[in-house]
Amino acid sequence: MSAGTGSGPVVHVLPAPGPDTDEPATTDVSAASGQVRAALEQVATGLEARLQKADTQATAILQATAMMARDPGLADAVDGQLRQGRGLTHAVHEAVEEYCAMFEQLGGYMAERVSDLRDVRDRAICRLRDLPEPGVPELEQPSVLVALDLAPAETATLTPELTLGLITQGGGPTSHTAILAAQFGIPAVVQVPQAMQIPAGAQVALDGGSGEVIISPTPQEQADFAERSRRREAAFDDVSGPGATRDGTKIALLANIGTADDARAAAQLDLEGSGLFRTEFLFLDRDSAPSLQEQTETYSAVLRAFAGRRVIVRTLDAGADKPLPFADLGPEDNPALGRRGLRLGMLREDLLDTQLQALAAAYQDTGGDLRVMAPMVATVEEAEYFAAKVRAVGLPKVGVMIEVPAAALCAEQILSVVDFASIGTNDLQQYTMAADRLQGELATLLDPWQPGLLQLIKATCDGGRAAQRPIGVCGEAGGDPLYALVLVGLGVTSLSMAPGRVPAVRAALKLHDLQTCSQLAAAAVSARTPQQAKDAVTTAVDPRLLELL
C-alpha cells in the first residue's frame, strides 16, 4: 500500500498482449535474431527518451531497464530459443522467463528486477507484433490508474499532479511499484480482486492507508476522503526534525537507497541519513566487476550527498548465477539458499576486498559517517570474518544484516563481535515462512504481522540489549506507522524506509511514548494470528494516528 487518498475517473493501463499465438516457427535464425535485437534496441531507446521528463528517482530505474534491454546475454538466450524453432515472440517470452526464474532464485534485490525484465519482454513483443507498447496512456486529465500490475519503469514516470491514485490487481505491499508510489506521494492500493473490471471512466475513491476502494462514491464519501487527506497533511506539517517518541526517546529515521542519484534526492528531505545503501546497481548488467576507482567515486558521492549524516552501506548481495557473469561459481539448484551475500564474498574475496578498499577510500576522502554491514550472515564465525575484514581497512563501524532465522536466534553472540545489526524484514520473512516474498498468492504468509516473524524480531532485539548493541530495521515493514511503533517497543532504535514514508512514521512516534510502544509490542507478540496482532495494535494506538494511515 501507499498511504493517502485520491478520487477521480478511472483510466486503464494498457495490458501486455502476450506472444502471437498464430506466428510460424522460426526457419531463418539469423534473420529472426536480427529482428529481435532491433526490437530490444528500440525498447532501450524508447525508455531513454523518457529521461528528459524524469526526475532523479525515475532516471536510475529507466536507465537500468534500458540496460536490461541491451543485455547481450538476454539476446543470446533468445537466439537459443529461436534455434529450437520457436517463433519470434514466443522465443522472447521463453528466454525472459528463464532469466526471471534465475533472478527469483537469487532473491533479494535481484528478485525485485523480475518486473523490469517482464516489462522489457512485453515492450519487445509489442514491437515485434507492431502493436502499441503496454503501459500508461497519455493522460488528458487527473485520473486514477487501474492496472493488472505496473512495471517500475512506468511507475517511475508518474506524477501526483496527473495520477490521483493507483489500483492494481496484482503486486504486493512490498513490491517495487508500491514502494515507488509511496516515494512519489501517490496513493496506491494493491492486490484488489477484479480491479480490471472497474469500468474505464468510472469515478472511484481510494485510501492507500486502509486499502479502501469505493466505486461511484457519494459526495459525502468523497468529502470524508478529502478530509482524511487534509488532517494527514496538517499532522505532517506539525512534525519535523529527528525521529523521537513523545517522551523524547530518539529513533533515527533513515532512507533506503540504491544509487548516488537516490542519495542526492533523499538528502534533500527531512531525514537523518540512509539506513540501507544497496550497492548492487554498481555490479549489475556488466561483464566485469566495477573498478576500485569507480566504486570509490560512487561511495564518495553518496557520503557527500548526506553531508555528515549516517550512511549504512550493505556490501554486495548477489548470487553465483548469470546476473553476475564475473562471479560465476557454477550452477546451483537453489541459489536463494546457496552462495549469495557474504557467502559469495567469502569465496570471491577479491570482490569483497575491492569493495571494502573503495569504501575505506571514500571514508578517508569525505570523513562521512560511514557504517558497513554484510548481507546473509548466519553464524558468529561469518560475523567475525566480516568484522576483521572491515576493521583491517580502517573503517570505523561494522554490522550485519539479520535476514536468516539462525542469526535472529543467535543475535547476542553475533552482536558480541560487531557494532550493530539491521533487520531485513523482507528476507527474514520469506526465510521464516518458506514463502517467496514476490509471490502475491502467498500474501497471508508474507504478512509482517505474522507471529513467527514478530518472535524473531523480538529475539534479535533481546540479543541486542544483552550485547548492548543497537538494532535497526531496513525492511519495508519499518515504513508502516503502526508496525514502526511495535518495532520501537521491541527495542529497535532506527528505522530505514522509502523516503516518502518517513513523515507518517515520524508523526506516529510523536503521538506515543516508549512505554506505550512497549505495551503495543507485547500485545502484537502475544497474538495468535497476524490479524489479531494488527487489530490489537490498531485498537490501542492514539486515534489520531488512524487518520494518518
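Residues numbered from 1 in each chain as written. Predicted model: local features only at pLDDT ≥ 70, side-chain atom pairs only at ≥ 80, totals over all residues. Heavy atoms only, no water.

**Notes on the pattern of salt bridges**
The cut-off we apply is this: A carboxyl oxygen of Asp or Glu within 4 Å of a side-chain nitrogen of Lys or Arg is what we treat as a salt bridge. Per the convention used, a helix needs a DSSP run of H or I reaching at least four residues, while a strand needs a run of E reaching at least two, with both numbered from the N terminus. Three labels apply to residues, based on accessible area from a 1.4 Å probe with only protein chains included: buried if under 20% of the type maximum, exposed if over 50%, partly exposed otherwise in between.
Within the structure shown, the criterion is met by 28 salt bridges. Between Arg 264 and Asp 261 there is a salt bridge, with its nearest N and O atoms 2.9 Å apart. Of this pair, Arg 264 and Asp 261 both sit in helix α10 (residues 260-266), three residues apart, roughly one helical turn. Looking at Arg 264, the relative accessible area reads 40%, which means it is partly exposed. Judged by relative accessible area, which is 22%, Asp 261 ranks as partly exposed.

**Focus: the sheet that holds strand β3 (residues 163-168)**
Selection criterion: At least two bridges found by DSSP between two strands are what make those strands a pair.
Taken together, six strands build an open sheet; the order of strands is β4-β3-β2-β1-β5-β6 and the sheet is mixed. Looking at strand neighbours, the two that pair on one side only are β4 (188-189) and β6 (212-215), the edges of this open sheet.

**Some details on the sheet that holds strand β9 (residues 310-314)**
Under the convention used in this document: For helices, the fitted line uses only the C-alpha atoms of the stretch in contact; every axis is such a line through C-alpha atoms, and the angle between N-to-C directions lies from 0 to 180 degrees.
If you trace the eight strands once around the closed barrel, you get β7-β8-β9-β10-β11-β12-β13-β14, paired in parallel fashion. With strand direction ignored, the average angle separating the axes of adjacent strands in the sheet is 25°. As judged from the four bridges shared by strand β11 (residues 397-402) and strand β12 (residues 420-423), these two strands associate in the parallel manner. The residue bridging Val 400 from the neighbouring strand is Ala 421, located in β12.

**Some thoughts on the packing of helix α13 (residues 349-366) against helix α14 (residues 380-392)**
Put simply, the rule is: For classification, angles of less than 35 degrees are called roughly parallel, those exceeding 145 degrees roughly antiparallel, those between 65 and 115 degrees roughly perpendicular, and all remaining angles oblique. Two helices crossing with the near one rotated counterclockwise from the far one by less than a right angle form a left-handed crossing, whereas a clockwise rotation gives a right-handed crossing. The criterion used for residue contact is that any of the two residues' heavy atoms lie within 4.5 Å. Residues are grouped as follows: Ala, Val, Leu, Ile, Met, Phe, Trp, Tyr, Cys and Pro are nonpolar; Asp, Glu, Lys and Arg are charged; all remaining types, including Gly, are polar.
It is the contact of α13 with α14, at a shortest axis distance of 10 Å, that shows an interaxial angle of 45°. One element, α13, and the other, α14, form an angle in the oblique class. The chirality of how α13 crosses α14 is right-handed. Along its contact with α13, which presents Glu 349, Leu 352, Asp 353 and Leu 356, the element α14 presents Tyr 385, Phe 386, Lys 389 and Val 390. Its residues placed into classes, the contact of α13 with α14 shows five nonpolar, no polar and three charged.

**Comments concerning the packing of aromatic side chains**
Short version of the rule: To pair, rings of Phe, Tyr and Trp, with the six-membered ring standing in for Trp, must have centres within 6.5 Å; the planes then decide the type, stacked if under 30 degrees apart, edge-to-face if over 60, and tilted in the middle.
Taken as a whole, this structure holds three aromatic pairs when the rule is applied. Ring centres of Phe 277 and Tyr 299 lie 6.3 Å apart, and the angle between their planes is 80°; on these two criteria the pair is classed as edge-to-face. With Phe 277 in strand β8 (residues 273-278) and Tyr 299 in helix α11 (residues 292-306), the pair connects residues that are 22 residues apart, well separated along the chain. On the accessibility criterion, Phe 277 (2% relative accessible area) is buried.

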